[in-house]
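Report on the structure
Letter by letter, the chains look like this.
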Amino acid sequence: MGRYEPARPSVVLLRIENAGWSPVVAADYVAPASDPVGIRIAFPGRRVVGMTVTERSPQVPPTFFVPGAEGFETTGRVVKLPKVILNRRAHYKVLAVLDREEGFT
């Protein structure tokens, strides 16, 4: 089977950072407690064809971002990120590759 190559690719770099004074914990995310996804980013007219974490603060555990980790996934037009616990000034970056959907201008 051949490798997928986007016809009209674009990339986006997302930086998620705790710029506040107190740690961000799972209960701080605006999502039901049973939902492992803390952040959803939608890209109308685009399809997410891949994503990876390119950088993270040392105190951000890599286990949040391993393939198959709960809450770390893409579905169609949406990047889903888990409820990462972020100490003050902690951050991570996600690089996503997008492909324009047919007919979207």
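In this numbering scheme, every chain counts its residues from 1 along its sequence in written order. This being a predicted model, a pLDDT of at least 70 is required before a residue's local features are given, and a value of 80 or more before pairs of side-chain atoms are given or counted; all residues contribute to the totals for chains, interfaces and linings. With hydrogens and water excluded, all non-hydrogen atoms of the structure serve as input to the side-chain values.

What follows concerns the pattern of salt bridges. We define a salt bridge as a side-chain nitrogen of Lys or Arg found within 4 Å of a carboxyl oxygen belonging to Asp or Glu. A full pass over the atoms with the stated rule returns three salt bridges. Here Glu-17 makes a salt bridge to Arg-15, at a shortest N to O gap of 3.1 Å. Relative accessible area decides the class of each residue, using a 1.4 Å probe on protein chains only: under 20% of the type maximum gives buried, over 50% gives exposed, and in between gives partly exposed. The exposure class assigned to Glu-17 is partly exposed, which follows from its relative accessible area of 39%. Accessibility expressed as a relative area gives 42% for Arg-15, which makes it partly exposed. Measuring nitrogen to oxygen at the nearest pair gives 3.0 Å for the salt bridge that ties Asp-35 to Arg-40. Residue classification places Asp-35 among the buried positions, given a relative accessible area of 18%. Judged by relative accessible area, which is 46%, Arg-40 ranks as partly exposed.

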